[in-house]
Amino acid sequence: QVQLVESGGGLVQAGGSLRLSCEASGLTFSNYLMGWFRQAPGKEREFVAAISRSGGNTYSADSVKGRFTISRDNAKNTVYLQMNSLKPGDTAVYYCAADRSTYRNYAFVSSYDYWGQGTQVTVSS
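Presented here is an overview of the structure given in this document. All of these numbers come straight from a predicted model, not from anything done at the bench.

Broken down by element type, the chain carries zero helices and 11 strands. Order of helices (α) and strands (β) in the chain, N terminus to C terminus: β-β-β-β-β-β-β-β-β-β-β. For the chain, the C-alpha radius of gyration of 13 Å lies close to 14 Å, the compact-globule estimate for 125 residues. C-alpha extents for the chain along the principal axes are approximately 40 × 25 × 25 Å. The 125 residues of the chain split such that 42% are buried. Here the contacts in the chain between residues at least 6 apart in sequence split such that 58% fall between residues at least 24 apart. Accessible surface, the chain: about 6,300 Å² in total, of which carbon and sulfur atoms supply 45%.

Right, let's talk about unusual backbone geometry for a bit. Apart from glycine, the bulk of residues carry a negative phi angle, and the bulk of peptide bonds sit in the trans form. Despite not being glycine, N77 shows a phi value in the positive range, around 55°. Using a relative accessible area of 25% as the deciding quantity, one classes N77 as partly exposed.

Attention shifts here to the side chain of R38. You can see R38 is positioned in strand β4 (residues 33-39). Within polar-contact distance, the side chain of R38 engages the side chain of Y94 at 3.0 Å. Discounting residues that sit within four places of it in the chain, R38 has contacts with E44, R45, E46, V48, S63, V64, F68, G89, D90, A92, V93 and Y94.

Here we come to the nonpolar core. General note: in soluble globular proteins, nonpolar side chains tend to be found buried as a group. Residues W36, V79, L81, M83 and Y94 are the most contacted members of the largest nonpolar core, which totals 34 residues. Mapped by element, the contributors of at least two residues to this core are β3 (18-25), β4, β5 (46-51), β7 (68-73), β8 (78-83), β9 (92-99) and β11 (119-124). Discounting residues that sit within four places of it in the chain, M83 has contacts with G16, S17, L18, L20, R67, F68, Y94 and V121.

Attention shifts here to the environment of Q39. The topology assignment puts Q39 in strand β4. Residue classification places Q39 among the partly exposed positions, given a relative accessible area of 26%. The spatial distance from the C-alpha of Q39 to the C-alpha of E23 is 20 Å, given a sequence separation of 16 residues. Here Q39 is in contact with E44, R45, A92, V93 and Y95, once residues within four sequence places are set aside. Of note is the side chain of Q39, whose polar atom sits 3.1 Å from the backbone oxygen of K43.

Scanning the entire structure with this criterion turns up one disulfide. In this model C22 forms its disulfide with C96; the gap between the sulfur atoms is 1.9 Å. Of note, the bridge from C22 to C96 carries an S-S torsion of about 45° and is right-handed in sense. A residue pair is termed long-range when its members are at least 10 positions apart, and C22 in strand β3 and C96 in strand β9 qualify at 74 residues. Look at C22 and you get buried, because its relative accessible area is 0%. Overall, C96 belongs to the buried group, its relative accessible area being 0%.

Let us now look at the packing of aromatic side chains. Scanning the model with the defined rule gives eight aromatic pairs in all. Pairwise contacts between aromatic rings join F37, F47, Y59, Y95, Y106, Y112 and W115 into one cluster. Here the guanidinium or amino end of R45 rests over the ring plane of W115, the centre of that ring lying 4.9 Å away. Directly above the aromatic system of F29 lies the positively charged group of R72, at a separation of 4.4 Å from the ring centroid.

About the cut-offs
Residues numbered from 1 in each chain as written. Predicted model: local features only at pLDDT ≥ 70, side-chain atom pairs only at ≥ 80, totals over all residues. Heavy atoms only, no water. Helix = DSSP H or I, 4+ residues; strand = E, 2+ residues; numbered from the N terminus. Rg over C-alpha atoms; globule rule 2.2 N^0.38 Å. Buried < 20%, exposed > 50% of the residue type's maximum accessible area, 1.4 Å probe, protein only. Contact = heavy atoms within 4.5 Å. Areas by Shrake-Rupley, 256 points an atom, 1.4 Å probe, with all protein chains shown as cover. Polar contact = N/O pair within 3.5 Å; in protein donor to acceptor, adjacent residues only side chain to side chain. Core = buried A, V, L, I, M, F, W, Y, C linked by side-chain atoms within 4.5 Å. Disulfide = S-S within 2.5 Å. Phe/Tyr/Trp six-rings, centres within 6.5 Å; stacked < 30°, edge-to-face > 60°. Lys NZ or Arg CZ within 6 Å of the ring centre and 35° of its normal.

So this is what it looks like as C-alpha cells:
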C-alpha cells in the first residue's frame, strides 16, 4: 500500500520560511519523479515544483522560482520543499505526489499516480 505523508505546514508571517517534508512508503522511491502541488480555496490544484528520480533535475513554477527549492533524499524516501520569502498568496494546502512514468508532463495533476493527504500552509500579512 503506497502512502505519501506530508508534514511541516503551519502558520507563518509574510517573509518567513517553512520546510515541508513528504515521506513515501510502499513504493520504490527512487523510481518515481516527485512533485509538489498546492490548492487554495476556490482554486484549482496547481503545480509548484518537481524533481527527477535521481534529484539531478528540478522544475519550478514561475510564481515560486527563486523562493522555493525542491530536494529529495532517496535513502530516506523523502522529498522536501524549502519555502522562503513566503507571501500571503502562497497560502494553500500543499500536496506531494509521485509519478512512475518516464513520459508524462511533470506539471500536470493527471500525470501523478499517488498523492498525499496535504498539509496546510497559511501566510499572514
